[in-house]
Amino acid sequence: CGANLDYFSKYGKIIGIDISSESLKFSKMNGSPLLVQGDAHNLPFDNNSFDLALGIDCLEHFENDTEVIGQVYRLLKREGRFVVTPPAYMQLWSVHDEAYHHLRRYTASKIREILVTNGFTVEFCTYWTFYLLPLLYVFRKIRKLFRLNENAKSDFFFKLPTLIEKCLSLVQYLESVPIKYGFPFPCGVNLFCVAIKK
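Throughout this description, residue numbers start from 1 for each chain and increase along the sequence as written. The predicted origin of the model limits local features to residues at a pLDDT of at least 70 and limits the giving and counting of side-chain atom pairs to 80 or more, whereas totals for whole chains, interfaces and linings rest on all residues. Computation of side-chain values covers all heavy atoms of the structure but excludes hydrogens and water.

Describing the overall build of the chain
For step 1, the next point in the chain: Counting its secondary structure elements, the chain contains seven helices and six strands.
For step 2, the next point in the chain: What counts as a helix is a DSSP run of H or I of at least four residues, what counts as a strand is a run of E of at least two, and both are numbered from the N terminus. Reading the helices (α) and strands (β) of the chain from amino to carboxyl end gives α-β-α-β-β-α-β-α-α-β-α-α-β.
For step 3, the next point in the chain: Throughout, the radius of gyration refers to the C-alpha atoms, and the reference size of a globule is 2.2 Å times the residue count to the power 0.38. Against the compact-globule benchmark of 16 Å for 198 residues, the chain has a radius of gyration of 18 Å, which places it among compact chains.
For step 4, the next point in the chain: Expressed as lengths along the three principal axes of its C-alpha atoms, the size of the chain is roughly 50 × 40 × 30 Å.

Topic: the side chain of Gln71
For step 1, the next point in the chain: Counting through the fold element by element, Gln71 comes out in helix α3 (residues 65-75).
For step 2, the next point in the chain: Only 2.8 Å separates the side chain of Gln71 from the backbone nitrogen of Leu43, close enough to count as a polar contact.
For step 3, the next point in the chain: Residues contacting Gln71, with those up to four places away along its chain left out, are Ala40, His41, Asn42 and Leu43. Distance and chemistry together define a polar contact, namely a pair of N or O atoms within 3.5 Å, with one atom able to donate a hydrogen and the other to accept it when in protein, and with adjacent residues in sequence counting only for side-chain atoms on both sides. Residues count as neighbours in contact if any of their non-hydrogen atoms are within 4.5 Å of one another.

Details of the layout of surface pockets
For step 1, the next point in the chain: Each cavity reported here is a set of points on a 1 Å grid over the protein atoms alone in which a 1.4 Å probe fits but cannot get out, each pocket an open set with protein on both sides within 12 Å along at least five of seven lines, and each lining residue one with an atom within 4 Å of a point. Grid points are joined across faces, edges and corners, and a volume is the space filled by probe spheres set on the points. Counted as a void, the largest pocket has a volume near 1,500 Å³.
For step 2, the next point in the chain: Along its surface, the largest pocket is lined by 45 residues, and Leu5, Ile15, Gly16, Ile17 and Leu54 are the ones closest to its centre.
For step 3, the next point in the chain: Mapped by element, the contributors of at least two residues to the lining of the largest pocket are α1 (3-8), β1 (15-18), α2 (21-29), β3 (50-56), α3 and β4 (76-85).
For step 4, the next point in the chain: No other element matches β3, which puts seven residues into the lining of the largest pocket.

What to know about the pairing of β3
For step 1, the next point in the chain: DSSP calls a pair of strands paired once it identifies at least 2 bridges connecting them. Bridge analysis of β3 against β4 gives six bridges, and the strand direction is parallel. Bridge pairing in β4 links Ile56 to Thr85.
For step 2, the next point in the chain: Think of it like this: strands point away, you trace from the first strand over the helix to the second, and a clockwise trace means the crossover is right-handed. Each parallel crossover has a hand, and for β3 linked through α3 to β4 it is right-handed.

Section: the sheet that holds strand β6 (residues 190-197)
Strand pairing in a sheet relies on backbone hydrogen bonds, with the paired strands running either antiparallel or parallel.
For step 1, the next point in the chain: Ordered in space as β3-β4-β6-β5, the four strands form an open sheet in which the pairing is mixed. Across the chains shown, the open sheet's two edge strands, defined by having one partner strand only, are β3 and β5 (120-128). Taking each pair of neighbouring strands and ignoring which way they run, the sheet shows an average axis angle of 10°.
For step 2, the next point in the chain: Helix axes use the C-alpha atoms of the stretch in contact, all axes being lines fitted to C-alpha atoms, and the angles between their N-to-C directions lie in the range 0 to 180 degrees. Against the sheet, α3 engages β3, β4, β5 and β6, with an angle of about 145° to β4.
For step 3, the next point in the chain: Strand contacts of helix α7 (residues 162-180): β5 and β6, with the helix running at about 150° to β5, the strand carrying the most contacts.

Looking at the nonpolar core
Where a protein is soluble and globular, its nonpolar side chains tend to be buried together.
For step 1, the next point in the chain: With 32 residues, the main nonpolar core has Leu76, Phe82, Ile111, Leu115, Phe120 and Leu191 as its most contacted residues.
For step 2, the next point in the chain: Contributions of two or more residues to this core are made by β3, α3, β4, α5 (108-117), β5, α6 (133-145) and β6.
For step 3, the next point in the chain: Residue contacts for Phe120: discarding those within four places in its chain leaves Ile69, Val72, Tyr73, Leu76, Phe82, Leu115, Ala195, Ile196 and Lys197. In this description, a nonpolar core means a group of buried Ala, Val, Leu, Ile, Met, Phe, Trp, Tyr and Cys residues linked to one another through side-chain atoms lying within 4.5 Å. Per-residue accessibility, obtained with a 1.4 Å probe over protein chains only, is compared with the maximum for each type, and a residue is labelled buried under 20%, exposed over 50%, and partly exposed between these values.

Some words on the environment of Phe124
For step 1, the next point in the chain: Topologically, Phe124 is positioned in strand β5.
For step 2, the next point in the chain: Each C-alpha atom, one on Phe124 and one on Ile179, is 9.5 Å from the other, the two residues being 55 residues apart in sequence.

Looking at the side chain of Glu60
For step 1, the next point in the chain: Among the structural elements, Glu60 can be located in the loop between β3 and α3.
For step 2, the next point in the chain: Within the buried set, Glu60 has no salt-bridge partner at all; the shortest N-O distance to an opposite charge, 6.9 Å, is to Arg104.
For step 3, the next point in the chain: Discounting chain neighbours no more than four positions away, the residues touching Glu60 are Pro86, Pro87, His102, Leu103, Arg104 and Tyr106. Counting rule applied: Lys, Arg positive; Asp, Glu negative; His and chain ends not counted. By definition here, a salt bridge exists when the distance from a side-chain nitrogen of Lys or Arg to a carboxyl oxygen of Asp or Glu is within 4 Å.

As for the packing of aromatic side chains
For step 1, the next point in the chain: Here a pair means two rings of Phe, Tyr or Trp (six-membered ring of Trp) with centres within 6.5 Å. Their orientation is stacked below 30 degrees between planes, edge-to-face above 60, and tilted elsewhere. Taken as a whole and judged by the stated rule, the model has eleven aromatic pairs.
For step 2, the next point in the chain: Judged by centre distance (5.1 Å) and plane angle (85°), the rings of Tyr7 and Phe8 are edge-to-face.
For step 3, the next point in the chain: Its relative accessible area of 43% is what places Tyr7 among the partly exposed residues.
For step 4, the next point in the chain: By way of ring pairs, the aromatic residues Tyr7, Phe8 and Tyr11 are connected into one cluster.

Observations regarding α6
Think of an α-helix as 3.6 residues a turn; residues three or four steps apart then line up on the same face.
For step 1, the next point in the chain: In this analysis, the expected span of each helix is defined as 1.5 Å times one less than the number of residues it contains. For α6, which comprises 13 residues, the first-to-last C-alpha distance of 18 Å matches the rise-based estimate of 18 Å (1.5 Å per residue) to within 8%.
For step 2, the next point in the chain: Residues of α6 that are buried: Leu133, Leu136, Arg140 and Arg143. All buried residues of α6 project into a common sector of 100° when viewed along the axis, lining one side. Across from the buried face of α6, at angles greater than 90 degrees, the exposed residues are Pro134, Leu135 and Leu145.
For step 3, the next point in the chain: Contact partners of the buried residues in α6: α4 (95-99). To obtain the arc, one takes the directions from the helix axis to the C-beta atoms.

Right, here's the structure in full:
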């Protein structure tokens, strides 16, 4: 709802798109840059009009993810890049995914296959949240075991002590260093993938 747009606006002209008028209204209240209402299956932009497209935690929401990636390819300029960060592994499926209306989770091979099928060259692809994967896997399995009739609720509602939160943030920061230098992780909770339109 606007936070990513605010962060990335320091790098150039940003245009945000969302199908939800409520989400756009909320983003505008936060002073976000240019916003457009539209459906990712039929993006309302001209061909070859963008240098970069960011699919931050969104691909897992689309009925037809292949069609959406085809739309992104169409609107990117030659050598334009597409950054996508979907959740990884259906084995990690939980009420967290249900709360966020996810339709699927991915593997690195599956996301590569969809991108290449749509004409992209994959420049870099890695899993991330690697160090916390075993912990999260156990947490979600235990939560599922004791769920009973619990309504779908995100993991983000679990409040941890400040010290633990800081330790987890440090782990995430340490993980970002090898990724920054192009070293991929073999598994993780999410994927980070950069594709280029050749």
